[in-house]
Amino acid sequence: MRVIAGTARSLRLKTPDGTDTRPTTDRIKETLFNMLQPYLGGALFVDLFSGSGGIGIEALSRGARHAYFVENDKRALSCIQENLQFTHLADQATVLKTDALSALYGIHEKEADIVFMDPPYDCGLEERTLAVLREMPWVTKDTLIVVETSLHTALSEFENLGFCVEKEKRYKTNRHVFCQKL
């Protein structure tokens, strides 16, 4: 896995051993960031269920001003910290060593521009996380929320939780859902 573009372009990132994380492939990451690029300049980016930190690091490399990385797995946290040091982006990052739902209460910003989340698939974490995000003062109607989810997740749940699905990008085994608060 590597950084696709920006200040850390082409740098290879470490990933945790084992199957507990699913690093986003370079091809899918490139597609995602081609869609996100107009929103990244000076953005506050929140990367929930961060894994190796590849998504948040890509956002910083492409112009986000600050990124929060939220992860509770020790091996993944070690990768995030090593990757931030290696890419020289650590000064623009806050790493929260906790579960995603608890971490949301620890972010004290005026507004987040982009929230990306990639929870374990088909465990109901998308809905639980969106329910908490809906209540956060730093998530406004202008905050773009991107959820990486399986193809089987019902998008009607997003709307039931107070989010409007703006678009989705489908891949072979998963998809990115772009939504905003109603």
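The structure this text deals with has already been given above.
Residues numbered from 1 in each chain as written. Predicted model: local features only at pLDDT ≥ 70, side-chain atom pairs only at ≥ 80, totals over all residues. Heavy atoms only, no water.

A. Representation of the overall build of the protein chain. The number of helices and strands found in the protein chain is 6 helices and 7 strands. Sequence-ordered secondary structure for the protein chain, helices as α and strands as β, is α-β-α-β-α-β-α-β-α-β-α-β-β. Relative to the compact-globule value of 16 Å for 182 residues, the protein chain shows a C-alpha radius of gyration of 15 Å, a close match. With the principal axes as the frame, the protein chain shows a C-alpha extent of 40 × 35 × 30 Å. Burial statistics for the protein chain: of 182 residues in total, 50% are counted as buried. Residue pairs in contact within the protein chain that sit at least 24 positions apart in sequence constitute 64% of those at least 6 positions apart. When the accessible area of the protein chain is evaluated, it comes to approximately 8600 Å², of which 48% is carbon and sulfur surface. For the protein chain, the centre of its 22 positive side-chain charges and the centre of its 25 negative side-chain charges are spaced 5 Å apart. (Helix = DSSP H or I, 4+ residues; strand = E, 2+ residues; numbered from the N terminus. Rg over C-alpha atoms; globule rule 2.2 N^0.38 Å. Buried < 20%, exposed > 50% of the residue type's maximum accessible area, 1.4 Å probe, protein only. Contact = heavy atoms within 4.5 Å. Areas by Shrake-Rupley, 256 points an atom, 1.4 Å probe, with all protein chains shown as cover. Lys, Arg positive; Asp, Glu negative; His and termini not counted. Charge placed at Lys NZ, Arg CZ, Asp CG, Glu CD.)

B. Main features of the sheet that holds strand 2 (residues 66-71). Pairing within the open sheet is mixed, and its 7 strands lie in the order 3-2-1-4-5-7-6. Each end of this open sheet is capped by a strand with a single partner; those strands are strand 3 (93-97) and strand 6 (163-170). Ignoring strand direction, the axes of neighbouring strands in this sheet form an average angle of 20°. In this sheet, strand 3 lies alongside strand 2 in parallel orientation, the contact comprising 5 bridges. Each bridged residue has a counterpart across the sheet, and for Tyr-68 the counterpart in strand 3 is Thr-94. Here helix 1 (residues 26-40) sits on the sheet and contacts strand 1 (44-48), strand 4 (114-117), strand 5 (144-150), strand 6 and strand 7 (174-181); the angle it forms with strand 7, its principal contact strand, is near 20°. Most of the contacts of helix 2 (residues 54-61) go to strand 2, to which it runs at about 175°, and overall it touches strand 1, strand 2, strand 3 and strand 4. (Pairing = 2+ DSSP bridges. Axes fitted to C-alpha atoms, helices over the stretch in contact; angles between N-to-C directions.)

C. Quick peek at unusual backbone geometry. The residue Phe-49 is not glycine, and still its phi comes out positive at about 55°. Summarising the element assignment, Phe-49 is placed in the loop between strand 1 and helix 2. Positive phi is not limited to glycine here, since Asp-122 has a value of about 55°. Mapped onto the secondary structure, Asp-122 falls in the loop between strand 4 and helix 5 (125-135).

D. Representation of the nonpolar core within the structure. If you look at the biggest cluster of nonpolar residues, it comprises 29 residues, and the most contacted ones within it are Val-46, Leu-48, Val-115, Leu-130, Leu-133, Trp-138 and Ile-145. In terms of residues, this core owes the most to one element, helix 5, which gives 4 residues. With near-sequence residues (within four places) excluded, Leu-133 lies in contact with Leu-104, Val-115, Trp-138, Val-139, Ile-145, Phe-163 and Lys-181. (Core = buried A, V, L, I, M, F, W, Y, C linked by side-chain atoms within 4.5 Å.)

E. Inspection of the packing of helix 1 against helix 2 at higher detail. Between helix 1 and helix 2, the shortest axis-to-axis distance is 10 Å and the interhelical angle comes to 45°. The angle between the axes of helix 1 and helix 2 places the two elements in the oblique class. Read as a crossing pair, helix 1 and helix 2 show a hand that is right-handed. Across the interface between the two elements, Lys-29, Leu-32, Phe-33 and Leu-40 of helix 1 pack against Gly-54, Ile-55, Glu-58 and Ala-59 of helix 2. Residues of the contact of helix 1 with helix 2, tallied by class, amount to 5 nonpolar, 1 polar and 2 charged. (Parallel < 35°, antiparallel > 145°, perpendicular 65-115°, else oblique. Left-handed = near helix turned anticlockwise from the far one by under 90°. Nonpolar A, V, L, I, M, F, W, Y, C, P; charged D, E, K, R; others polar.)

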